[in-house]
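Structural characterization, general
Residues per chain are reported as follows:
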Amino acid sequence: MYDRNVPPDEQIMQDLQGKLVVVTGGHGFLGKPVVRLLQQAGARVLEPRSKEFDLRRWENCERLLARARPDCLIHLAAVVGGIGANRASPGKYFYDNSVMGIQLIESARQACVPKMVVVGSICAYPKFTPVPFKEDDLWNGYPEETNAPYGIAKKMMLVQLHAYRQQYGFNGVYLLPVNLYGPHDNFDLETSHVIPAMIRKFYSATQRSETSVTLWGTGHASREFLHVDDCARAIVQATAHYNSPEPVNIGSGREIAIRDLAAIIAKLVGFRGEIIWDNSHPDGQPRRTLDISRARQVLSFSPSISLEDGLQSTVAWWKSHAIVP
C-alpha cells in the first residue's frame, strides 16, 4: 500500500532499488517506458525477446524464470490490434494471449517468484458496463463481440491470479489500462488502434492532397485514452507497493467521442478536408471510460499528460518518422 508520508519517487526507489525485474514485452510500445522507469528507480531489468523465449511454449516460460530468478515478473507481452485485426483473427488473439498468460503464471508459481504484475485490458469489461467502468463490474456481462476473444483471454489471467493467491499464496496483481497512445505506437493500418490509425490516414491525405478521409463506424462511440508514459508510471507504482488481489483501473478519467477525437487529430495533422464515416463497419463497444478512484487511493496515481498535449507529441513523432504517406 502506498505510504502518503513518503514522496512517491522516493518510495518507489526504496522498494525497487537493486531488485531484479523481468519484463515480458519489454521491447514493446508500453514495455520501453516501463523498463526506463524501473531502471531510473534502481531496479535491474531483464527484457526477454520473443525470438529466444516464445512464451506460447511451456519450456520457454520455465527456462526464462529458472535462468533469471527474478524478484518480480511484469507481464506485458500480448498479441494486440484494433477492431479489424480482432475480427480477422479472433482465434489467434484468444489462443496466443491465453496460453502465454496461463503458462507464465503457472511457471512463476513453480519458480516461487515473489511477485507478479499482470497487465490486462479494458476489453475484458462487459459490452454494456455502466459508465464509468468500476472494477466490480467486470463480471456483469459478456464483452463487446468484436474483441471478446481477446478480452476474455486477458480476463482469464485475473481468475488464475485469484485462484493461485487462494490456494498457493501467490502474490499476483492485475491492472486494467484503458486505450493507450503515444510516440512509438503501432501505425500499421492493418493492426493499429484508433489514434495511430487516424494520424496516419490524415497525414497520408495531406501528403497526397486528398480532399476526404474515410473512417470506420459512426463516430458516436466514445473512448478514454491514456498516454503510454502515464500508464508506465502506474505499472511501476504498482510493482513497487501494490500487493492486493483487487484489480485496478488505470486511466485518465476523461471520455471523448470518436468523432470529436477525429476533429482534434485532423487539426493537429493539418488536414482540412471532409471526414466520411463508414457505418458499414462496427463502432465496437458503445462507451468506454474508467472509474480510476481505486488507482488514486491505492497507488496515488493520477495522469499527468493531457490528451491534447499527448496527441500533439504523437503527431509530431509520426511526422518525423513517417517514411511513406
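Before going into details, it helps to say that this report is about the structure given with it. (Residues numbered from 1 in each chain as written. Predicted model: local features only at pLDDT ≥ 70, side-chain atom pairs only at ≥ 80, totals over all residues. Heavy atoms only, no water.)

1. Some words on helix H2 (residues 31-40)
The periodicity of an α-helix, 3.6 residues per turn, causes residues three or four places apart in sequence to face the same way. What H2 keeps buried is the set Gly31, Pro33, Val34, Val35 and Leu38. Just beyond H2, the residue with positive phi is Gly42, at close to 95°. (Buried < 20%, exposed > 50% of the residue type's maximum accessible area, 1.4 Å probe, protein only. Helix = DSSP H or I, 4+ residues; strand = E, 2+ residues; numbered from the N terminus.)

2. A look at the packing of aromatic side chains
If you walk through the whole model with that rule in mind, you get eight aromatic pairs. Here Tyr125 and Phe133 contribute two aromatic rings whose centre-to-centre distance is 4.8 Å and whose plane-to-plane angle is 50°, an arrangement assigned as tilted. Residues Tyr125 and Phe133 agree in their burial class; the two are buried. Counting every residue linked through ring pairs, the aromatic cluster contains Phe187, Tyr203, Trp317 and Trp318. Its guanidinium or amino end placed over the ring of Trp139, Lys155 lies 4.6 Å from that ring's centre, counting from NZ or CZ. (Phe/Tyr/Trp six-rings, centres within 6.5 Å; stacked < 30°, edge-to-face > 60°. Lys NZ or Arg CZ within 6 Å of the ring centre and 35° of its normal.)

3. Focus on the sheet that holds strand E8 (residues 222-227)
Taken in spatial order, the three strands of this open sheet run E6-E8-E10, and their pairing is mixed. Only two strands of the sheet have a single neighbouring strand rather than two, namely strand E6 (179-181) and strand E10 (255-257). Looking at each pair of strands side by side, their axes are set apart by 50° on average, direction ignored. Both E6 and E8 contribute to a ladder of three bridges, which runs parallel. Residue pairing in the sheet places Asn179 in a bridge with Phe225 of E8. Sheet strands touched by helix H11 (residues 307-321): E6, E8 and E10. Its angle to E6, the strand with the most contacts, is close to 50°. (Pairing = 2+ DSSP bridges. Axes fitted to C-alpha atoms, helices over the stretch in contact; angles between N-to-C directions. Contact = heavy atoms within 4.5 Å.)

4. Some details on unusual backbone geometry
Geometrically, the link from Val131 to Pro132 is a cis peptide bond, its omega value of 0° lying close to zero. In the Ramachandran plot, Cys112 falls in the positive-phi region, its phi being about 60° despite a non-glycine side chain. Take Cys112: it is sitting in the loop between helix H5 (90-110) and strand E4 (116-119). Phi is positive for Ser300, close to 55°, though the residue is something other than glycine. Residue class for Ser300 comes out partly exposed when judged on its relative accessible area of 26%.

5. A word on the nonpolar core
Among the nonpolar cores identified, the biggest contains 66 residues, and Leu30, Val34, Leu38, Ile74, Ile235 and Ile250 are the most heavily contacted of them. The leading source of residues in this core is helix H8 (residues 228-241), at eight residues. Leaving out residues up to four positions away in the same chain, Ile74 has contacts with Val21, Val22, Val23, Thr24, Val34, Leu38, Val117, Ile235 and Thr239. Among the nonpolar cores identified, the runner-up in size contains 27 residues, and Phe187, Ile258, Leu261 and Val315 belong to it. (Core = buried A, V, L, I, M, F, W, Y, C linked by side-chain atoms within 4.5 Å.)

6. Observations concerning the packing of helix H7 (residues 194-207) against H11
Interhelical geometry of H7 versus H11 gives an angle of 55° and a closest axis separation of 11 Å. Comparing their axes, H11 and H7 come out oblique. As H7 runs across H11, the sense of the crossing is right-handed. Together, Ile195, Ile199, Arg200 and Tyr203 of H7 and Leu311, Thr314, Val315, Trp318 and Lys319 of H11 make up the contact between the two elements. (Parallel < 35°, antiparallel > 145°, perpendicular 65-115°, else oblique. Left-handed = near helix turned anticlockwise from the far one by under 90°.)

7. Things to note about the packing of helix H3 (residues 58-68) against H5
For the pair H3 and H5, interaxial distance at closest approach is 9 Å and the crossing angle is 40°. Classified by the angle between their axes, H3 and H5 sit oblique to one another. Seen along the crossing, H3 lies across H5 with a hand that is right-handed. Between H3 and H5, the contacting residues are Trp58, Cys61, Glu62 and Leu65 on the first element and Gln103, Leu104, Glu106, Ser107, Ala108 and Gln110 on the second. A per-class count over the contact of H3 with H5 returns five nonpolar, three polar and two charged. (Nonpolar A, V, L, I, M, F, W, Y, C, P; charged D, E, K, R; others polar.)

8. Let's talk about the pairing of strand E7 (residues 212-216)
Burial along E7 is one-sided: Val213 and Leu215 are buried, and none of Ser212, Thr214 and Trp216, which face the opposite way, are. Pairing between E7 and strand E11 (residues 274-278): five bridges, direction parallel. Counterpart to Val213 in the pairing with E11 is Ile275.

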